There are 2 protein chains.
Amino acid sequence: MNQIVEPKILKGFRDSLPETETVKKQIIRKLEETFTRFGFDPVDTPALEYASVLLGKGSGETDKQIYRFRDNGGRDVALRFDLTVPFARLIAAHRSELPMPFRRYHIAKVWRGENTQKGRYREFTQCDFDIVGSDSPLNDLDILLLMNESFRVLGIDGVTFHISHRGIFNDFLKKEGIETASADILRTVDKIGKIGEEEVRRLLTELLTAEKAEKVIDFIRPEETNERTLQKLTRFCGRETQNTARLSDLLRMLEAAEVGAKFKINPSITRGLDYYTGIVYETFLNDLPGIGSVCSGGRYDNLTSIYTKERIPGVGSSIGLDRLMAALGELGLLPGTKTGTAALVCLQDERFLDGCLRLTQRLREAGIACELYPEAKKLPKQFSYAETKGVPFAVIYGEAEAASGTVTVKDLTKRENRAEISFEEALAWIKREGR
Amino acid sequence: MNQIVEPKILKGFRDSLPETETVKKQIIRKLEETFTRFGFDPVDTPALEYASVLLGKGSGETDKQIYRFRDNGGRDVALRFDLTVPFARLIAAHRSELPMPFRRYHIAKVWRGENTQKGRYREFTQCDFDIVGSDSPLNDLDILLLMNESFRVLGIDGVTFHISHRGIFNDFLKKEGIETASADILRTVDKIGKIGEEEVRRLLTELLTAEKAEKVIDFIRPEETNERTLQKLTRFCGRETQNTARLSDLLRMLEAAEVGAKFKINPSITRGLDYYTGIVYETFLNDLPGIGSVCSGGRYDNLTSIYTKERIPGVGSSIGLDRLMAALGELGLLPGTKTGTAALVCLQDERFLDGCLRLTQRLREAGIACELYPEAKKLPKQFSYAETKGVPFAVIYGEAEAASGTVTVKDLTKRENRAEISFEEALAWIKREGR
């Protein structure tokens, strides 16, 4: 009748089966709880927006990375490619309804038609958190504390936050009289993680005299301690500035919160040509630095300038969830949970169906995630189903159990069996195993 | 410099501010916990797929409701318009990796370019749950139990599940010799909630003799009790069939689970021309039936026929989250929580900044969601911020508190003040209020 259609998916897109999605939801839930504990509230925005709103009026030519098209009403629309632009638009649209400062988080998918080589995906999940409407350094601090806490709750100890300050970089370039080349210098320095110091030096000498290039290389090199790096930055700027003082204050407060050791001043962090104006940061896993930054951001002067004349400064950060999950997988740090189901109630014989249904109901009422196998097949077949799904316990209610008012429980992972125990014992055992 | 772009969004699309998104996340979390407790695992699929995969090869002409376009690689792609088609595709693509029966839930956005009049949106969230790979009536039962439990955990008592059986309807049509008109009859009967019995009768007489039309009207009318409706259906089919026996068994099991009173056999439920073959159901809020079904579904014989020759039957249901939230809002059943933040730590004076930072940290460590106001502004200004955001408590650490090692807590909702209490007392008070 029907022609068979091949069930293929688009390049750069992925299905998420229970094994992956269960873990992803666990991570998202932990992050949400942490964001909430830090006073951040969730928002959501449309996946699809006017292209002019996402790209600005100037963007006549189509960016190859953007999914942009005409909808059935002829509107020029696009899928969001990040969560920052829609956030700026949301603030401008709802300015009068929002508390200021406004702390929001947004965990959602974004789409970019990127080259899919080197493990990049065209659909991926971002976790953004920002505080806007205030210049206060306490907000810089809170974003950094939240980054630290987020990795802590995810059980990732080996992490280093590399911080820098765009204002200090600019002060330095001005002092050296090379600020007119700042865009090119920033873009070049930003690549150091990928191309190395030697290549950065070579590129810089195409822009600057050898002497100035060397000065930039000196400037961006982190010293042994944060204190020394700070001293160097101050020296290279000619004096203590508002910016060096702010960075110094921030480090002092991080140390007072007893998390200072995880933060490293690294003046080579610039975040390229992004809209940042104050502190900027990237996050590297100590055991897998090559995967790149898993959480980046900074302070910006004026997020909403495209939509409103009101100046709204802020500071924020973004976790790339897919890259983080890939890294955790590689490091063996992902939980091995394949399913949320703790127990399979086996149906040995239709005669005990009513009892099995009641048992399932009681287990669920007691908070045990479980299901009843829907057919009275042989037990090994039912166990094998449980094992494929990853369900750790099988609960049996058959002839013997019905006669004695008990249940038999099998730990399918440890191959342990407890025959004809009471319902309460069964419950305690399953719960003790953390399910 | 920049031209200002109006921060407008597309018709039929919405921003979700913290007030709405906080509640939506609470609802989703409760549903996820319930789905998990019933043995369902989450999956996710791409928002964007090949149009041929979503629409089948036959669909040459563009469906006006579908967001369909050519991507930058020239592929004919579309945004998913439901979660059922991608689920079928996922099963066909990953058949060998999945446990069977396979229980999955999927909570995600879908997009349809529908007419936006009468409160319909072009982007909305569906919560689907299905069990595929088995014909067992125990799966029908579990889906219905899960529907009932989902509404219970959401605190919605006044709900009625209207059940019917497409097989019984077909048996009846065959017995009356009018099965050739079945598509038109089903489509007509499906409208009864909107157009009423009189209009259905009129439309049926355009298809059938007056006598047969009256018989259909008789057939679809629910009787006073489920027992009587069942007896009538059996009578209209000429005898007890596999289908009537199955519906009868199902009701018996629902009653054994002590939830039978919420389920009503309503033979006028057909789910139109959908792919259902067994039981079908819709869910109505007793106090707001006019909003339509908030949770619908049924049993299907062969979900994946478009992608594979293997026959994969199943049963499932779908909650329209946006419609449900709109209904709960109208009924005053939505929680009034505007924010997840329980306390604002006020910064009265920069001199006590370190103390305030430590206090914020201790509160967070104790599980209290809180934030520090980032500037030493006058207290009424800080309270007003808390009130706009919906934060119930303010915690003050100033001169007096620093001297006595205490804090002052203000309940901003009840306008209650407890001056200079211990940190532990403060904690207990805030926690007692459920935050």
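These numbers were taken from a predicted model, which means no experiment stands behind them.

A. A look at the environment of B:M253. Its place among the elements puts B:M253 in helix 10 (residues 242-256). Here the alpha-carbon distance between B:M253 and B:L138, two residues 115 residues apart in the chain, equals 9.1 Å. Contact partners of B:M253, with chain neighbours within four places excluded, come to A:L353, A:L357, B:L138 and B:L141.

B. The interface of chain B and chain A, seen in detail. Counting residues at the interface gives 105 residues for chain B, matched by 105 residues for chain A. Here chain B meets chain A over a buried area of about 8,700 Å², counting both sides, of which 59% is carbon and sulfur. It is B:V5, B:L10 and B:R364 that lose the most area in chain B upon contact with chain A, and together they represent 8% of the buried surface on that side. Across the contact surface, chain B and chain A share 16 salt bridges.

C. Expanded view of the sheet that holds strand 16 (residues 416-421) of chain B. Residue and element names in this part refer to chain B. In space, the five strands of this open sheet follow the order 13-12-14-15-16, with mixed pairing throughout. Either end of the sheet is taken by a strand with one partner, and the two such strands are strand 13 (370-372) and strand 16. If you compare each strand with its neighbour and ignore which way they point, the axes differ by 20° on average. Contacts between helix 13 (residues 379-389) and the sheet are confined to strand 12 (343-346), strand 13, strand 14 (393-396) and strand 15 (407-411), with strand 12 contributing the most and set at about 165° to the helix.

D. Inspection of the domain arrangement of chain A at higher detail. For chain A, the assigned domains are domain 1 (18-330) and domain 2 (343-432). Here the C-alpha centroids of domain 1 of chain A and domain 2 of chain A sit 50 Å apart.

E. Quick peek at unusual backbone geometry. With an omega dihedral of 0°, the bond running from A:M100 to A:P101 counts as a cis peptide bond. Among the secondary structure elements, A:P101 is positioned in the loop between helix 3 (84-94) and strand 5 (102-111). Of note in the backbone geometry, B:E420 takes a positive phi value of approximately 45° without being a glycine. Tracing the backbone shows B:E420 in strand 16.

F. Examining the sheet that holds strand 9 (residues 276-285) of chain A more closely. Residues and elements named next belong to chain A. Overall, mixed pairing links the eight strands, which are arranged 1-5-6-11-10-9-7-8 in an open sheet. Both outer strands of the open sheet, strand 1 (41-42) and strand 8 (263-265), are each paired with one neighbouring strand and no more. Pairing of strand 6 (residues 123-132) with strand 11 (residues 314-320), which is carried by seven bridges, proceeds in the antiparallel orientation. Each residue of the ladder has a partner; that of C127, found in strand 11, is I319.

The rules behind each value
Residues numbered from 1 in each chain as written. Chains lettered and ligands numbered in written order. Predicted model: local features only at pLDDT ≥ 70, side-chain atom pairs only at ≥ 80, totals over all residues. Heavy atoms only, no water. Helix = DSSP H or I, 4+ residues; strand = E, 2+ residues; numbered from the N terminus. Contact = heavy atoms within 4.5 Å. Buried area = accessible area lost by both parts, 1.4 Å probe. Salt bridge = Lys/Arg side-chain N within 4 Å of Asp/Glu carboxyl O. Pairing = 2+ DSSP bridges. Axes fitted to C-alpha atoms, helices over the stretch in contact; angles between N-to-C directions. Domains from an automatic or database assignment.

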